[in-house]
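# Inside the fold
Here is what each chain is made of, one letter per residue.
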Number of protein chains: 2
Amino acid sequence: MIAAMTDPMDRQETPAPLRTLPSRLLALVASHADRIVSEGLATADARKWHYAALVALRESGPMSQAELSRRTGIYRSDLVAVINELSARGFVERAPDPGDRRRNVVTMTTAGRSHLERLDKLIADLQDTLLAPLTDAEREEFTRSLGRLLAHHTRSELR
Amino acid sequence: MIAAMTDPMDRQETPAPLRTLPSRLLALVASHADRIVSEGLATADARKWHYAALVALRESGPMSQAELSRRTGIYRSDLVAVINELSARGFVERAPDPGDRRRNVVTMTTAGRSHLERLDKLIADLQDTLLAPLTDAEREEFTRSLGRLLAHHTRSELR
DNA sequence: GGTACATCGTTAGTCGCACTAACGCAACGG
DNA sequence: CCGTTGCGTTAGTGCGACTAACGATGTACC
């Protein structure tokens, strides 16, 4: 092994140091993001999943828990607790579906709707905090890349 | 509010649907990334933390566990197990520091070094899998944005 | 020289999230 | 009818992030 030359050419050989490994950066940034969002939501006595569930209900109207689970990615096991919490706060109602008695239909209440609107503002602020160092154009490109990565990997996992 | 024109000005009003919320995308993509990397490393009987620790040791030479913890971000509580595993496989050695008897000095063995080189290749492949849908230029921009976000938020947290 | 304080490695344990297993019930398809 | 599938629920596992506390050691200050 020849020692001396600090040739720029050998960069291909050098493995990425930890600080630039995409998977690692992703994990670290995601954990910061998670903290920012969770702590922010906590100030409104809410959790990420509350928000996810409420948004899904606003977008698509009342639906069964199973459907809600698919849309939000929350496991149906864990969804039980989320619905419990939301209904305890009066934001959703859970009622058996007369058409298919296996199902519970989850419906957002008007209190839920206005709560969600408060959360919307909060979440928007938090996204802003998260992406603070990026320009608007960079934020968009960044988000689009994330979307493409997600689409790619959720597809290839279903395959 | 003047309605007609699709003025870029009103983007503020519409709350982001879940599928484009940066914090959510980040969490989902990070979890995919984590699975890809963890499963990949498992085929080489390794874990993320093994890799992180070994890379740090290669970059900076032997160091105490506390130092290693700071560099890798692994909590010193959890680092104990990592060092146990690595030393059980013969990749590092743990010896008391004669200069400061509170410390253990962790040193990478030659077996560790060659194991790390195998892992380097594996990791490079996995990053490639992860970033598959992005072009080289996009990957770089993406990674750079992640780096900036991380730097920003780790700073503001120390503040 | 003591004493208060900080650092190190370690053990144990908490918390939240992703995920599995199994159950009883209801619906559907042959 | 009966087997299969979908549903809501409970319980529990595994793991990563993180805290608390400990004994042993080192450092700083008076």
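So, here is what we can say about the structure in this document.

The rules behind these values
Residues numbered from 1 in each chain as written. Chains lettered and ligands numbered in written order. Predicted model: local features only at pLDDT ≥ 70, side-chain atom pairs only at ≥ 80, totals over all residues. Heavy atoms only, no water. Axes fitted to C-alpha atoms, helices over the stretch in contact; angles between N-to-C directions. Helix = DSSP H or I, 4+ residues; strand = E, 2+ residues; numbered from the N terminus. Parallel < 35°, antiparallel > 145°, perpendicular 65-115°, else oblique. Contact = heavy atoms within 4.5 Å. Pairing = 2+ DSSP bridges. Buried < 20%, exposed > 50% of the residue type's maximum accessible area, 1.4 Å probe, protein only. Near = heavy atom within 4 Å. Polar contact = N/O pair within 3.5 Å; in protein donor to acceptor, adjacent residues only side chain to side chain. Least-squares fit on C-alpha atoms with pLDDT ≥ 70 in both. Expected span 1.5 Å × (residues − 1).

### Description of the packing of helix α2 (residues 48-60) of chain A against helix α4 (residues 76-88) of chain A
Residues and elements named next belong to chain A. Packing of α2 against α4 leaves a shortest axis separation of 10 Å and a crossing angle of 85°. In terms of orientation, α2 lies roughly perpendicular with respect to α4. The residues of α4 that touch α2, namely those facing Trp-49, His-50, Ala-53 and Leu-54, are Asp-78, Val-82, Glu-85 and Leu-86.

### Points about the sheet that holds strand β1 (residues 63-64) of chain B
Residues and elements named next belong to chain B. Spatially, 3 strands are ordered β1-β3-β2 in an open sheet, and the strand pairing comes out antiparallel. Where the open sheet ends on each side, the last strands, each with one partner, are β1 and β2 (92-96). Relative to strand β3 (residues 104-108), β1 runs antiparallel, the two sharing 2 bridges. Among the inter-strand pairings, Ser-64 is bridged to a residue of β3, identified as Val-105. Sheet contacts for helix α2 (residues 48-60): β1, β2 and β3; angle to β3, the most-contacted strand, approximately 90°.

### Thoughts on the side chain of Ser-64 of chain B
Residues and elements named next belong to chain B. The residue Ser-64 is located in strand β1 in this model. For Ser-64, a relative accessible area of 13% corresponds to the buried category. Beyond its immediate stretch of four places on either side in the chain, Ser-64 contacts Arg-103, Asn-104 and Val-105.

### Section: the protein's contact with DNA strand D
Among the 19 residues in the neighbourhood of DNA strand D, the closest are listed as Gln-65, Ala-66 and Arg-70 of chain A together with Trp-49 and Arg-101 of chain B. Of everything in DNA strand D that lies within 4 Å of the protein, sugar and phosphate atoms constitute 66%. Within the backbone of Arg-101 of chain B, a nitrogen or oxygen atom sits 2.5 Å from a phosphate oxygen of DNA strand D. Secondary-structure elements contributing two or more residues to the surface near DNA strand D are α3 (65-72) and α4 of chain A together with α4 (76-88) of chain B.

### A few points about the relation of the copies chain B and chain A
Under the fitted operation, chain B is carried onto chain A by 0.0 Å of movement along the axis and a turn of 180°, and the coordinates agree to an RMSD of 0.1 Å. Accordingly, the operation relating the two chain copies is best matched by a two-fold axis. Mapped onto chain A, 98% of the interface residues of chain B are again interface residues, and the two copies thus contact each other with one and the same surface.

### Let's talk about unusual backbone geometry
All names here are of chain A. Positive phi, normally seen in glycine, also occurs at Asp-45, with a value near 55°. Along the chain, Asp-45 turns up in the loop between α1 (22-42) and α2. Note on Asp-45: relative accessible area 48%, which makes it partly exposed.

### Notes on α2 of chain A
Residues and elements named next belong to chain A. Between the first and last C-alpha of α2 there are 18 Å, a value that for 13 residues agrees with the 18 Å anticipated at 1.5 Å per step. Every buried residue of α2 is accounted for by His-50, Tyr-51, Ala-52, Ala-53, Leu-54, Val-55, Ala-56 and Leu-57. In the stretch just after α2, Gly-61 is the one whose phi turns positive, near 75°.

### Here we look at the sheet that holds strand β3 (residues 104-108) of chain A
Residue and element names in this part refer to chain A. The 3 strands are arranged β1-β3-β2 in an open sheet whose pairing can be described as antiparallel. In this open sheet, the two edge strands, each paired with only one partner strand, are β1 (63-64) and β2 (92-96). Sheet strands touched by α4: β2 and β3. Its angle to β2, the strand with the most contacts, is close to 120°.

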